[in-house]
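Descriptive structure summary
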Amino acid sequence: MEKLLAARLHAVKVRPYLAAALFALHVVEDRSVPTMAVDPHWRCYVSPGFVARTPVEELAGVWVHEVSHLLRDHHGRGERYAREHEEHRPGERGTAAGWGRLRRNIAADFEINDDIYGDGLPLPSGAVLPSLLRLPAGLLMEEYLRTASMSGLTADLAWLDCGSGADGQIRPWELGPDGAHGLSRQQRDAVRFRVAEGIRGRPGSAPDGWRRWADEAFHPPQPWRQLLGAAVRSAAGAAGVGEDHSFRRPSRRSAGVPGVLLPSLRRTPPRVCVVIDTSGSVSDAELGGALLEVAAIAQAVGGRRDLVSVISCDAAAGVAVPLCRAENIALIGGGGTDLRSGFDRALRSRPRPDVIVALTDGQTPWPSAQPSCRTVVGLFPRPARAVDEEDPDYVPDAPPPWARVVTIG
Amino acid sequence: MPAPAAGTPALTRAGTSGTGTQLALADDLLTLLRTTTTEPRPDEQLEALTLAVAADLPVLLWGEPGIGKTAALTQLATSLDLPLTTVIASVHEPSDFSGLPIVGDDPAVQGVPMAPPQWAVELVRAGRGLLFLDELSTATPAVQAALLRVVLERKVGALQLPPGVRIVAAANPRASAADGWELSPPLANRFVHLYWVHDREVVVRGLGGVWPRAELPRLVPERLPEAVAFARRAVCGFLEARPTLIHRLPNTETRRGGAWPSPRSWEAALTLLAFGTAASVSRDVLAQLVRGAVGDGPGLELLAHLDRMDLPDPESLLADPPSAELPVRGDLRQAALEAVVAAVGARPERKRWEAGWAVLVRALETGAPDLLVAPATVLAALRRDDWEVPEAVERLAGVIGLARRADRSVGRAAASAGAGRAAGAGR
């Protein structure tokens, strides 16, 4: 026991931002556990034999490993994955369910092990790494599950078991939700939140993987397609354009209710103008993918291809090309970026657009005043420290507050 | 649930013609299918909804279509003994909510009255009821705009809804909404957002014939003053410590349309805390409500603040160390010990310093020793030259040994890091 606690102290010392989570774990000694395991109620089951034969510094790594399963919600994600992708029959103790469990455990271990070790925390012997299957590091559990079959690993890893905290499958030794010293969902959220806040408060000391986790723990990024779609839809569907009620002609129901004025439903499809940043910093693949999405969304909104036009813009803007005429629009450009000319051009085109959708990497000056129509900016993500060699102090302006900004990809 | 609609008495049972018998049999089958029983089952979602409705705050239920939002509302209305009026927003016109203009004899003199629809008139006549605005997400923007006035000012046309009417709305999440509906920040701020999810077990058991019957929270009359005092103390104490959270507009696309903190939503959170305390609901229900009112981040911080409020007072721990009751959970226990050490540091006197050690000894007797390392180090550093080390410290020797062992392990790990990097990467 003392060895185990010394290992926890070691872990707290080298990963101070995980202290709250490590101390919140309740230790349960159990001889039927292969090594160390966690359950979703934040209990940590430990085999005394495993502690006895493992050096303190490796135990510290195991502590961080197990708490990572809980912090990253692997049981919830594992269960969700199993429900969506696998035949999930909890009653059956057959090989298929066991294999699914093991796969999820291994994928979760990959996600954890490729970024928590080093820097005072040695890799425990027997820890699995994605390089074992020649997979790239830095992916998420779901991505590993999707891309890899993981066959060929089973023979020597069948003992690997991090408990239901890692994959959502209940084990015989676990105390379950009613057992003593479990954390309720609210308490678990509170601990995870406190750890995330701690990491975000001191961004320098935590590695990238943990920082990314902290940013996304309570605000998981929504798929950008849906966000972009919602933004374009709501811009195009807002008052003034799109389907709406009007008193311009009385409703046909009016005949039945003499003396009452009823509005009728009229549809005014919006004009969408897509301004595309074709400067050298935006890759062709990015542009192609995003343009297809926008065209599809705009068609779904307006229903008419002739209402969607496209302007390619680097430092100077091209001409607005209606989508209906161009089967293959040539995106001209490749130089520096100044989207202001693109916005100018879009607003000067006749008839005036109701919605401007700008696709850019954000390395551009923005119009100083709000354009007279709704604006959606689709932003290709760029690393934060993109330094201009000629002018190292140059920081591109963030998209202005009047635009709806959706980060793509 | 509609009563099995048997056509005419002649048709049921011993029918006369062939088709009559078939229909009667179909009715019998339907009656059998609709005969279900209920079992008591705690339901946090329903508890949260009940409390928010009781607190007279407009609730917005987010949930995929077809997961039983309406069924929950029906149950709620029955148990609160309120008549339920369901209005499906998407099949109405804006004028159904803002009032239908009616041209009279002389509009210039009398004006054009805005006539309210029948459901509103009936609600006013009843004086009380549960107004359920369903399918908010598929209504046209103009209908949504008209609905704002119903939700915010409780006015339908020229008609003022009586205070006994409670309002609940339902919407599909943005990802699955078919059109561009989303709440503007001012409107989102007035709702308590509850996310409705279905429970696999409940659905399976329900289709098997046993639906859950939730025990709804009841306000306890004796606890009302205490609940108000607690809620005020919690929210005010928290906002004093974190003034930046009083007002924070949502700034990213993903957070649009959800709850965000403002003085108004903090007031809602305070109300909900008071109701939750008076009804003695669990922290989980409270968490759903508070997060639904002020948003996830501020809500979780307020809940963490509540946790800290539950910690024992450091001064009373120092006053009587041998009988000190420390929290069982490790992180809370450490927080309590750190508070004790901080209290000693704030007013360092020899007596208090020794009491601090006594509290640590007490903690050693009742829990894991590794929690004591950080507080003990800080407390040791507070020593003045003329203070003698109390005897109690010797009992903490094991803790110091533990800390040394951890230190040695950190040292070993650092030493082997360079050598082991190449070798360890293989496995």
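All values reported here derive from a predicted model rather than from experimental measurement.

1. Digging into the overall build of chain A
Counting its secondary structure elements, chain A contains 14 helices and eleven strands. Residues counted as buried form 54% of the 409 residues belonging to chain A. Contacts spanning at least 24 positions in sequence make up 67% of the contacts within chain A whose residues lie at least 6 apart. Only carbon and sulfur atoms are counted for the fraction: they give 52% of the accessible area of chain A, which is about 18,700 Å².

2. Re the overall build of chain B
Broken down by element type, chain B carries 19 helices and eleven strands. Burial analysis of chain B (427 residues in total) assigns 44% to the buried set. Sequence separation of at least 24 residues holds for 76% of the intrachain contacts in chain B that already meet a minimum separation of 6. With an accessible surface of roughly 20,900 Å², chain B has 59% of that area assigned to carbon and sulfur atoms.

3. Observations concerning the sheet that holds strand β2 (residues 36-38) of chain A
In a beta sheet, neighbouring strands pair by backbone hydrogen bonds and run either parallel or antiparallel. Residue and element names in this part refer to chain A. The strand order across the open sheet formed by three strands is β1-β3-β2, and the pairing between neighbours is mixed. Of all the strands in the sheet, the pair left with one neighbour each is β1 (26-29) and β2. The sheet shows a mean angle of 25 degrees between the axes of neighbouring strands, direction not considered. Note that β2 and strand β3 (residues 43-46) share three bridges and pair antiparallel. The residue bridging alanine 37 from the neighbouring strand is tyrosine 45, located in β3. Sitting on the sheet, helix α4 (residues 56-71) is in contact with β1, β2 and β3, with an inclination near 20 degrees to β2.

4. Quick look at the sheet that holds strand β6 (residues 128-134) of chain B
Residues and elements named next belong to chain B. Judged by pairing direction, the sheet is parallel, and its five strands sit side by side in the order β3-β6-β9-β2-β10 without closing on themselves. The open sheet has two free edges, formed respectively by β3 (84-88) and β10 (192-195), since each of these has just one partner strand. The sheet shows a mean angle of 20 degrees between the axes of neighbouring strands, taken without regard to direction. Where β6 and strand β9 (residues 164-171) come together, six bridges link them in parallel fashion. Considered in β9, the bridge of glycine 129 is made with valine 165. Across the sheet, helix α6 (residues 118-126) touches β3, β6 and β9, and the angle it forms with β6 is around 155 degrees.

5. A word on the nonpolar core
Within the largest apolar cluster, 79 residues are counted, with the highest numbers of intra-cluster contacts made by Leu18, Met36, Trp42, Trp63, Leu71 and Trp210 of chain A. Considering each element in turn, this core owes the most residues, nine residues, to α4 of chain A. Not counting chain neighbours up to four residues away, the residues in contact with leucine 71 of chain A comprise Leu18, Ala21, Trp42, Arg192, Val195, Trp210 and Trp213 of chain A. One finds Leu57, Leu73, Val235 and Ala269 of chain B within the second-largest nonpolar core, a separate group that totals 49 residues.

6. Some thoughts on the pattern of salt bridges
Counted according to the given criterion, the structure contains 27 salt bridges over all chains. Residue aspartate 189 of chain A is joined to arginine 192 of chain A by a salt bridge in which the shortest nitrogen-to-oxygen separation is 3.7 Å. With aspartate 189 of chain A and arginine 192 of chain A both in helix α10 (residues 185-201), this residue pair falls three residues apart, about one helical turn. Assigned by exposure class, aspartate 189 of chain A and arginine 192 of chain A land together as buried. A salt bridge links aspartate 56 of chain B to arginine 166 of chain B; the shortest N-O distance between them is 3.4 Å. One end of the pair, aspartate 56 of chain B, is in the loop between α2 (44-54) and β2 (59-62); the other, arginine 166 of chain B, is in strand β9, and 110 residues separate them in sequence. Judged by its relative accessible area of 32%, aspartate 56 of chain B falls in the partly exposed class. The network of salt bridges with common partners includes Arg72, Arg77, Glu111 and Glu142 of chain A.

7. Thoughts on the confidence of the model for chain B
Residues and elements named next belong to chain B. The pLDDT averaged across chain B works out to 82; a share of 89% of its residues lies at or above 70. The low-confidence segment residues 1-15 (pLDDT under 50) makes 15 contacts with residues lying over four places distant or belonging to another chain. Across residues 420-427, where pLDDT falls below 50, the model places eleven contacts with residues more than four positions away in sequence or in other chains.

8. Description of the side chain of threonine 375 of chain A
Relative to the helices and strands, threonine 375 of chain A resides in strand β10 (residues 374-379). Contact partners of threonine 375 of chain A, with chain neighbours within four places excluded, come to Phe343, Ile356, Trp402, Ala403 and Arg404 of chain A.

9. A word on the environment of valine 359 of chain B
All names here are of chain B. Mapped onto the secondary structure, valine 359 falls in helix α16 (residues 350-366). Put simply, valine 359 and threonine 138 are 221 residues apart on the chain and 61 Å apart in space, counted from C-alpha to C-alpha. Non-local contacts of valine 359, meaning those with residues more than four positions away in its chain, are made with Leu317, Leu318, Pro321, Leu326, Leu337 and Val340.

10. Points about α6 of chain B
All names here are of chain B. All of the buried residues in α6 are Trp119, Ala120 and Leu123. Along α6, the residues classed as buried sweep out an arc of 100 degrees about the axis, all on the same side. Opposite its buried face, α6 presents the exposed residues Gln118 and Arg125, each directed more than 90 degrees away. Lining the buried residues of α6 we find β3, α4 (94-98), β6, β7 (155-156), β8 (159-160) and β9. Phi turns positive, to about 85 degrees, at glycine 127, one or two residues after α6.

11. Let's talk about the environment of isoleucine 246 of chain B
Residue and element names in this part refer to chain B. Here isoleucine 246 lies in the loop between α10 (224-241) and α11 (263-278). Between the C-alpha atom of isoleucine 246 and that of glycine 367, which follows or precedes it by 121 residues, the distance is 38 Å. Beyond its immediate sequence surroundings of up to four residues, isoleucine 246 is in contact with Leu239, Pro261, Ser262, Pro263 and Trp266.

12. Overview of the packing of α10 of chain A against helix α13 (residues 296-310) of chain B
Between two packed helices, the angle of one axis relative to the other and the distance separating the axes together describe the packing. Packing of α10 of chain A against α13 of chain B leaves a shortest axis separation of 10 Å and a crossing angle of 110 degrees. Of the possible angle classes, the one that applies to α10 of chain A and α13 of chain B is roughly perpendicular. Counting all contacts with α10 of chain A, which are made through Gln186, Asp189, Ala190, Phe193 and Glu197 of chain A, the residues of α13 of chain B involved are Gly297, Leu300, Glu301, Leu303 and Asp307 of chain B. In the contact of α10 of chain A with α13 of chain B, the residues fall into four nonpolar, two polar and four charged.

13. Quick look at the packing of α16 of chain B against helix α17 (residues 373-381) of chain B
Residues and elements named next belong to chain B. In contact at an axis separation of 11 Å, α16 and α17 are set at 165 degrees when each is read in the N-to-C sense. In this view, α16 runs roughly antiparallel relative to α17, as classed from their interaxial angle. As for the relative orientation of α16 and α17, their crossing is left-handed in sense. Side by side, α16 and α17 meet where Trp353, Gly356, Trp357 and Leu360 of the first sit next to Pro375, Ala376, Leu379 and Ala380 of the second. A breakdown of the residues in the contact of α16 with α17 according to their chemical character gives seven nonpolar, one polar and no charged.

14. Some words on the packing of aromatic side chains
All names here are of chain B. Tallying each qualifying case throughout the model produces five aromatic pairs over all chains. On the basis of an interplanar angle of 55 degrees and a centroid distance of 5.7 Å, the ring pair of phenylalanine 238 and tryptophan 266 is categorised as tilted. Of this pair, phenylalanine 238 sits in helix α10 while tryptophan 266 sits in helix α11, and the two are 28 residues apart along the sequence. Judged by relative accessible area, phenylalanine 238 falls into the buried class, the value being 3%. Ring plane angle 85 degrees and centroid distance 5.9 Å describe the contact between tryptophan 353 and tryptophan 357, whose orientation is recorded as edge-to-face. Highlighted residues: tryptophan 353 and tryptophan 357, both in helix α16, separated by four residues, approximately one helical turn. For the pair tryptophan 353 and tryptophan 357, one class covers both residues: buried. Pairwise contacts between aromatic rings join Trp353, Trp357 and Trp387 into one cluster.

15. A look at the confidence of the model for chain A
Residue and element names in this part refer to chain A. Residues of chain A with pLDDT of at least 70 account for 69%, and the chain-wide mean is 74. Scored below 50 in pLDDT, residues 88-94 makes four contacts in the model with residues more than four places away or belonging to other chains. Segment residues 385-389: pLDDT under 50, and three contacts once partners within four positions in sequence are set aside and those in other chains are kept.

Criteria and thresholds
Residues numbered from 1 in each chain as written. Chains lettered and ligands numbered in written order. Predicted model: local features only at pLDDT ≥ 70, side-chain atom pairs only at ≥ 80, totals over all residues. Heavy atoms only, no water. Helix = DSSP H or I, 4+ residues; strand = E, 2+ residues; numbered from the N terminus. Buried < 20%, exposed > 50% of the residue type's maximum accessible area, 1.4 Å probe, protein only. Contact = heavy atoms within 4.5 Å. Areas by Shrake-Rupley, 256 points an atom, 1.4 Å probe, with all protein chains shown as cover. Pairing = 2+ DSSP bridges. Axes fitted to C-alpha atoms, helices over the stretch in contact; angles between N-to-C directions. Core = buried A, V, L, I, M, F, W, Y, C linked by side-chain atoms within 4.5 Å. Salt bridge = Lys/Arg side-chain N within 4 Å of Asp/Glu carboxyl O. pLDDT = per-residue confidence, 0-100. Arc of directions from axis to C-beta. Parallel < 35°, antiparallel > 145°, perpendicular 65-115°, else oblique. Nonpolar A, V, L, I, M, F, W, Y, C, P; charged D, E, K, R; others polar. Left-handed = near helix turned anticlockwise from the far one by under 90°. Phe/Tyr/Trp six-rings, centres within 6.5 Å; stacked < 30°, edge-to-face > 60°.

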